[in-house]
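Structure assessment
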Amino acid sequence: MRLLHWLEIDPDEVGALPKPASEDTMTKIRLLLRRDAALSAEAVDKLLRVWRPMYELYAEAEDGRE
C-alpha cells in the first residue's frame, strides 16, 4: 500500500491493471519512478525488479478469485 501511495496509484485501480503484467504496465510504472528526481536510474531498476514479481503474484491471486 505504501508503494501504491508513493506511486500515486489508487489501490482500487490496481485490480484494473492487465494480468499478467504487461510491458505497458511496467513501462508506466518505470516512467512514474523516473519522474522522481530523488531516484537514480539504478534505484529505479532495483525498484522495478521488486515491483514486477509482486505485481505478478497479485495478478495470479486475483485470477484465482474470478
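Up top is the structure these notes are about.
Here we summarise the structure given alongside this text. (Residues numbered from 1 in each chain as written. Predicted model: local features only at pLDDT ≥ 70, side-chain atom pairs only at ≥ 80, totals over all residues. Heavy atoms only, no water.)

This part covers the overall build of the protein. Secondary structure summary: the protein contains four helices and zero strands in total. Starting at the N terminus and walking to the C terminus, you meet the elements of the protein as α-α-α-α. Of the contacts made within the protein by residues no fewer than 6 positions apart, 57% connect residues no fewer than 24 positions apart. Accessible surface, the protein as shown: approximately 5,000 Å² in total, 55% of it carbon and sulfur. (Helix = DSSP H or I, 4+ residues; strand = E, 2+ residues; numbered from the N terminus. Contact = heavy atoms within 4.5 Å. Areas by Shrake-Rupley, 256 points an atom, 1.4 Å probe, with all protein chains shown as cover.)

As a further point, take the pattern of salt bridges. This model, assessed by the stated rule, comprises two salt bridges. Taking the shortest distance from any N to any O, the salt bridge between glutamate 42 and lysine 46 comes out at 3.5 Å. Taken together, the residues glutamate 42 and lysine 46, both in helix H4 (residues 41-65) and four residues apart, mark about one turn of the helix. The class for lysine 46 is partly exposed, based on a relative accessible area of 44%. (Salt bridge = Lys/Arg side-chain N within 4 Å of Asp/Glu carboxyl O. Buried < 20%, exposed > 50% of the residue type's maximum accessible area, 1.4 Å probe, protein only.)

Counting ten residues, the largest nonpolar core is built from Leu4, Leu7, Ile9, Met26, Ile29, Leu33, Val44, Leu48, Trp51 and Tyr55. Listing elements by their share of this core, those giving two or more residues are helix H3 (23-34) and H4. No other element matches the four residues that H4 contributes to this core. For valine 44, the contacting residues outside a window of four places in its chain are Arg30, Leu33, Arg34 and Leu39. (Core = buried A, V, L, I, M, F, W, Y, C linked by side-chain atoms within 4.5 Å.)

Here we take up the environment of alanine 41. Mapping alanine 41 onto the fold places it in helix H4. Remark: the alpha-carbon pair of alanine 41 and arginine 30, spanning eleven residues in sequence, is separated by 9.9 Å.

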